[in-house]
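# Structural characterization, general
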Amino acid sequence: TTAFCSGSALIYGRRFRCWFEAGHGAVDLYEAIRHSCNIYFYSIGRRMSVDTIAAYATDFGLGRRTGIDIPGEREGLVPTTEWKRRVMKEDWYPGETISVAIGQGPLQVTPIQVAAMTAAIANRGTSVHPRLSLEKPTEAGIIRIPSSVMNEIIEGMWRSANAGGTGASARVEGFDVCSKTGTVQTISRETAERLGLKPKTHAWFTGFAPRREPLIVVTVLVEFGGGGGAAAAPAAGELFKIFKSKAAGT
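This report concerns the structure included in the present document.

### Some thoughts on the sheet that holds strand β8 (residues 201-209)
- What the three strands build is an open sheet, ordered β7-β8-β9; its pairing is antiparallel. Looking at which strands have only one partner, the edges of the open sheet turn out to be β7 (178-185) and β9 (216-222). The average undirected angle you get between the axes of adjacent strands in this sheet is 10°.
- For β8 and β9, the ladder comprises seven bridges, and the chain directions are antiparallel. The residue of β9 that forms the bridge with F205 is V220.
- Here helix α7 (residues 147-162) sits on the sheet in contact with β7 and β8, set at roughly 80° to β7.
- Where helix α9 (residues 228-248) meets the sheet, its contacts fall on β7, β8 and β9, and the angle it forms with β8 comes to roughly 30°.

### Comments concerning the nonpolar core
- Among the nonpolar cores identified, the biggest contains 15 residues, and F175, V177, F205, A236 and F240 are the most heavily contacted of them.
- Only β8, β9 and α9 provide two or more residues apiece to this core.
- If you tally residues by element for this core, the top one is α9, at four residues.
- Not counting residues within four places of it along the chain, the set of residues in contact with V177 comprises M157, W158, A161, N162, A170, V172, F208, A209 and F240.
- Formed by 13 residues, the second largest nonpolar core is a distinct cluster that contains C5, A32, C37 and Y40.

### Some thoughts on the pattern of salt bridges
- Using the criterion set out here, one finds eleven salt bridges in the structure.
- With a shortest N-O distance of 3.0 Å, E75 and R65 are connected by a salt bridge. Pair noted here: E75 is in the loop between α3 (50-59) and α4 (81-88) and R65 is in the loop between α3 and α4, with a separation of ten residues, a long-range link.
- For E75, a relative accessible area of 40% translates into the label partly exposed.
- Look at R65 and you get partly exposed, because its relative accessible area is 48%.
- With a shortest N-O distance of 3.0 Å, R171 and E173 are connected by a salt bridge.
- The partly exposed category is assigned to R171, whose relative accessible area is 38%.
- Through salt bridges with shared partners, one network takes in E31, R34, E155, R159 and R211.

The rules behind these values
- Residues numbered from 1 in each chain as written.
- Predicted model: local features only at pLDDT ≥ 70, side-chain atom pairs only at ≥ 80, totals over all residues.
- Heavy atoms only, no water.
- Pairing = 2+ DSSP bridges.
- Helix = DSSP H or I, 4+ residues; strand = E, 2+ residues; numbered from the N terminus.
- Axes fitted to C-alpha atoms, helices over the stretch in contact; angles between N-to-C directions.
- Contact = heavy atoms within 4.5 Å.
- Core = buried A, V, L, I, M, F, W, Y, C linked by side-chain atoms within 4.5 Å.
- Buried < 20%, exposed > 50% of the residue type's maximum accessible area, 1.4 Å probe, protein only.
- Salt bridge = Lys/Arg side-chain N within 4 Å of Asp/Glu carboxyl O.

Here it is, written out as structure tokens:
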């Protein structure tokens, strides 16, 4: 699937914007992940129902506890049409799906959920039960997505770190880091403009290395840190460097 990013798109009568105001031009999946192009994923979200998105998100472990051996773990939230009717007594609107498609709206995730999701991608579909100890995580199951599709995602993640993408600050020479960055609004752009506020954002990064036979997942959340590529990716890069040095015994 390809989409054209001009910097914004009019969807259901509302203007949705990409973080890159000049636009990314024509993008496919690889380039959308590489550049974290909002318009591409808005376009995909427009073609899907929120319940379809929720079904796959749940397969990846979002919306439920990972079972990590730390007390107080939260479930997070993956919204569905049934959830909104039950909790808010309202119908789900298609425009809401567009926001969820890029990880915004009522979607709530924890860093450990994102790390476990990233491990499942790195493992080409095998999910794990994370543990606080240094023991090897145990397998939790198989995600119903072919490994060939996982490899498509991983190619985009590799480009993000190694081909001038938003995860470039996490690149480590000779370690084949694969990454995805994220920048999450705490309030909508429209609300911020109406209130005369400067929107604050949380910075996200998640990735793994090396690309083949992966050894480590790194997930970073910098609250109110700004952009994921600028704030979270450099911190992740330092962690990848430390691990690579220790693994090499240097």
